[in-house]
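The lines below spell out each chain.
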Amino acid sequence: MKILDDVVVNAKSVASEIGKKAGKAFDLSKLRFSAADLSGEINKKYKALGKLVFLAKREGAQNDLEIENVMNEIEQLQDDLDAVNEEILLIRNKKVCPVCKKENPVDALFCNACGTPLSVPEEKTEEAEEAVEEVKEAAEEVCEKVEDAAQDAVEAVKDAADEILGE
Ligand SMILES: [Zn+2]
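Our subject in this report is the structure included herewith. (Residues numbered from 1 in each chain as written. Predicted model: local features only at pLDDT ≥ 70, side-chain atom pairs only at ≥ 80, totals over all residues.)

### Considerations on the overall build of the protein chain
- For the protein chain, the helix and strand inventory stands at three helices and two strands.
- Each helix and strand of the protein chain, placed in order from N terminus to C terminus, yields the pattern α-α-β-β-α.
- Split into buried and exposed, the 167 residues of the protein chain put 15% on the buried side.
- For the protein chain, contacts bridging at least 24 residues in sequence account for 59% of all contacts bridging at least 6. (Helix = DSSP H or I, 4+ residues; strand = E, 2+ residues; numbered from the N terminus. Buried ≥ 20, exposed ≤ 12 C-beta atoms within 10 Å, placed from the backbone. Contact = placed C-beta atoms within 7 Å.)

### Some remarks on the nonpolar core
- Judged by nonpolar contacts, the single largest core of 17 residues is most densely connected at Ala-35, Val-84 and Ile-88.
- Listing elements by their share of this core, those giving two or more residues are α1 (2-59), α2 (64-91) and α3 (126-165).
- Ranked by residue count, the leading element in this core is α1, at eight residues.
- Not counting residues within four places of it along the chain, the set of residues in contact with Val-84 comprises Leu-31, Ser-34, Ala-35 and Leu-38. (Core = buried A, V, L, I, M, F, W, Y, C linked by C-beta atoms within 7 Å.)

### Concerning unusual backbone geometry
- A positive phi angle is found at Asn-93, which is not glycine, with a value near 60°.
- Within the secondary structure, Asn-93 is located in the loop between α2 and β1 (94-96).
- The exposure class of Asn-93 is partly exposed, given the 19 C-beta atoms found within 10 Å.

### Things to note about α2
- Taking 1.5 Å of rise per residue, the 28 residues of α2 would be expected to cover 40 Å, and the 41 Å separating its terminal C-alpha atoms lies within 8% of that figure.
- Listing the buried residues of α2 in full gives Val-70, Leu-81, Val-84, Ile-88 and Ile-91.
- Downstream of α2 by one or two residues, Asn-93 has phi in the positive range, about 60°. (Expected span 1.5 Å × (residues − 1).)

### Re the environment of Pro-98
- Positionally, Pro-98 belongs in the loop between β1 and β2 (103-105).
- When the 10 C-beta atoms within 10 Å are taken as the criterion, Pro-98 is described as exposed.
- Separated by 18 residues in the primary sequence, Pro-98 and Thr-116 place their C-alpha atoms 8.4 Å from one another.

### Thoughts on the environment of Ser-29
- Within the fold, Ser-29 resides in helix α1.
- Linking Ser-29 and Val-135, residues 106 residues apart in sequence, is a C-alpha distance of 9.3 Å.

What follows is the structure, encoded as structure tokens:
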């Protein structure tokens with residue numbers, strides 16, 4: 001039953017390949033939600049921070065401790081967001097140059113932008129490449145959303161600052 005065995009083995013490897021791709025897409029969509037959630041949280045914290053600063057400067061509120069706490073929370077959330085973005089990079093098979101911060105293919109020996117030697121992971125399969133192509137588009141969408149959220153946060157801080165300055 002050699003032929004039948006081969007058919008079964010092939011069917012299994014196809015199923016496992018599909019499973020892996022689905023897994024990657026699922027991981028990426030989870031990460032996308034995490035990144036969006038974290039960006040939203042950071043945005044809220046910046047708004048809260050703006051209000052606390054307003055109260056302190058305009059109404060003399062003694063809220064240094066609260067301000068400090070919110071700033072610590074923002075730092076923590078930003079660390080979490082950085083970690084999520086790192087995961088997204090991994091799934092997209094990219095790595096960031098430690099010197100110039102440009103994205104490079106995960107198997108690049110040198111940075112395409114500045115030529116810094118880069119470390120290469122042990123193995124990279126065809127299968128992984130295909131999966132990456134499939135999720136690449138989704139990942140780029142994620143990055144855009146994160147950038148938008150960051151921009152919103154900056155705007156929120158500017159608005160708060162304008163309010164405080166009475167403009
Ligand atoms: Zn570089």
